[in-house]
Amino acid sequence: TALDVVAPNVTRLRPTVSFVTNTSSIIEVGVNVTDNVNVSIVLATITSPNSSVTNWSLAKQGSTSIYNISYDVPNGAIGVYNITFFANDTSDNVNYSERTNFTVLDTHFPTGFTLTEDPSDPATYNASQVYFFNVTVIENIEIRNVIIEYNGTNYSSEVRNFTSNRFEFNRT
């Protein structure tokens, strides 16, 4: 019998290089793999932006040469993800030279703006009066900047990050 020394052929990498997606999305991670004898196993190694590494066994799709998974992009983990594909045939020939990457961005705008104020509008400004304002905003990752502007004056430099999700502004 002839000795098989040919590694599997790995093509059509998915996602394509530099693909951009959003947090909490589902993307296809996959490749087409062919071999002159028989494919044994196909894996994808995904390295996240924080350098953690996970290995995924890709499933063969019927009688096609497609091996893939549906990958749930973690919420809040923005940055570049690197993928290395590993294909092994039944003669232990290996192809691990195929790589791609994708970038996760936060393109969701903050939602759920709710404003409460005391006294409520229409209020006439009085220097001795105490005014309370509460704004609730929902953001899926992080709020980095809070802008306070009143009557054309920007007071944002006076906003204090009280906790990871609570900002305070006090002006007397």
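The structure under discussion appears in the preceding block.
Here the structure is a predicted model, which means the values were calculated and not measured.

Trainee: Sorry if this is basic, but what is going on with the pairing of strand E5 (residues 53-57) here?
Mentor: Remark: a regular strand shows side chains that alternate across the two faces of the sheet. Pairing of strand E4 (residues 39-47) with E5 involves five bridges; the strand directions are antiparallel. In the sheet register, Leu 43 faces E5, and the bridge partner there is Ser 57. Linkage of E4 to E5, two consecutive antiparallel strands, is achieved through a turn of five residues, within which Ser 51 is found at a positive phi near 75°.

Trainee: Which parts of the structure should I look at to understand the sheet that holds strand E7 (residues 66-72)?
Mentor: Read from one edge to the other, the open sheet built from four strands follows the order E1-E3-E7-E6, with strand pairing classed as antiparallel. Edge strands, defined here as strands with exactly one partner in the open sheet, are strand E1 (9-14) and strand E6 (59-60). Pairing analysis gives two bridges linking E6 to E7, with the strands arranged antiparallel. Looking at E7, one finds that Ala 59 is bridged to Asn 68.

Trainee: Before we go on, may I ask you to explain unusual backbone geometry in this structure?
Mentor: The step from Arg 14 to Pro 15 runs through a cis peptide bond, and the omega angle for that step is 5°. Looking at the secondary structure, you find Pro 15 in the loop between E1 and strand E2 (19-22). With phi around 65°, Ser 18 is a residue other than glycine that occupies positive phi space. Of note, Ser 18 is situated in the loop between E1 and E2. Residue class for Ser 18 comes out partly exposed when judged on its relative accessible area of 45%. Positive phi is not limited to glycine here, since Ser 51 has a value of about 75°. Note that Ser 51 resides in the loop between E4 and E5.

Trainee: Could you clarify how one ought to interpret the sheet that holds strand E9 (residues 94-105) in this entry?
Mentor: The strands that make up a sheet pair up through hydrogen bonds in the backbone, lying either parallel or antiparallel. Strand order in the open sheet formed by five strands is E2-E9-E8-E4-E5, with mixed pairing between adjacent strands. One side of each edge strand has no neighbouring strand; the edge strands of this open sheet are E2 and E5. Put simply, the sheet's adjacent strands are angled 30° from each other on average, direction ignored.

Trainee: Before we go on, may I ask you to explain the packing of aromatic side chains in this structure?
Mentor: Two aromatic rings, taken as a pair, are described by how far apart their centres are and by the angle between their planes. Applying the stated criterion across every chain, the model contains three aromatic pairs. Ring plane angle 90° and centroid distance 5.8 Å describe the contact between Trp 56 and Tyr 71, whose orientation is recorded as edge-to-face. Here the residue Trp 56 occupies a position in strand E5, and Tyr 71 occupies one in strand E7, the gap between them amounting to 15 residues. By relative accessible area, which is 33% here, Trp 56 ends up partly exposed. Ring geometry for Tyr 71 against Phe 102: centres 6.1 Å apart, planes inclined by 70°, an arrangement best described as edge-to-face. One end of the pair, Tyr 71, is in strand E7; the other, Phe 102, is in strand E9, with 31 residues separating them in the sequence. Under the relative-accessibility criterion, Tyr 71 is labelled buried at 7%. The structure contains a cluster of three or more aromatic residues connected by ring pairs, namely Trp 56, Tyr 71, Tyr 81 and Phe 102.

Rules used in this analysis
Residues numbered from 1 in each chain as written. Predicted model: local features only at pLDDT ≥ 70, side-chain atom pairs only at ≥ 80, totals over all residues. Heavy atoms only, no water. Pairing = 2+ DSSP bridges. Helix = DSSP H or I, 4+ residues; strand = E, 2+ residues; numbered from the N terminus. Buried < 20%, exposed > 50% of the residue type's maximum accessible area, 1.4 Å probe, protein only. Axes fitted to C-alpha atoms, helices over the stretch in contact; angles between N-to-C directions. Phe/Tyr/Trp six-rings, centres within 6.5 Å; stacked < 30°, edge-to-face > 60°.

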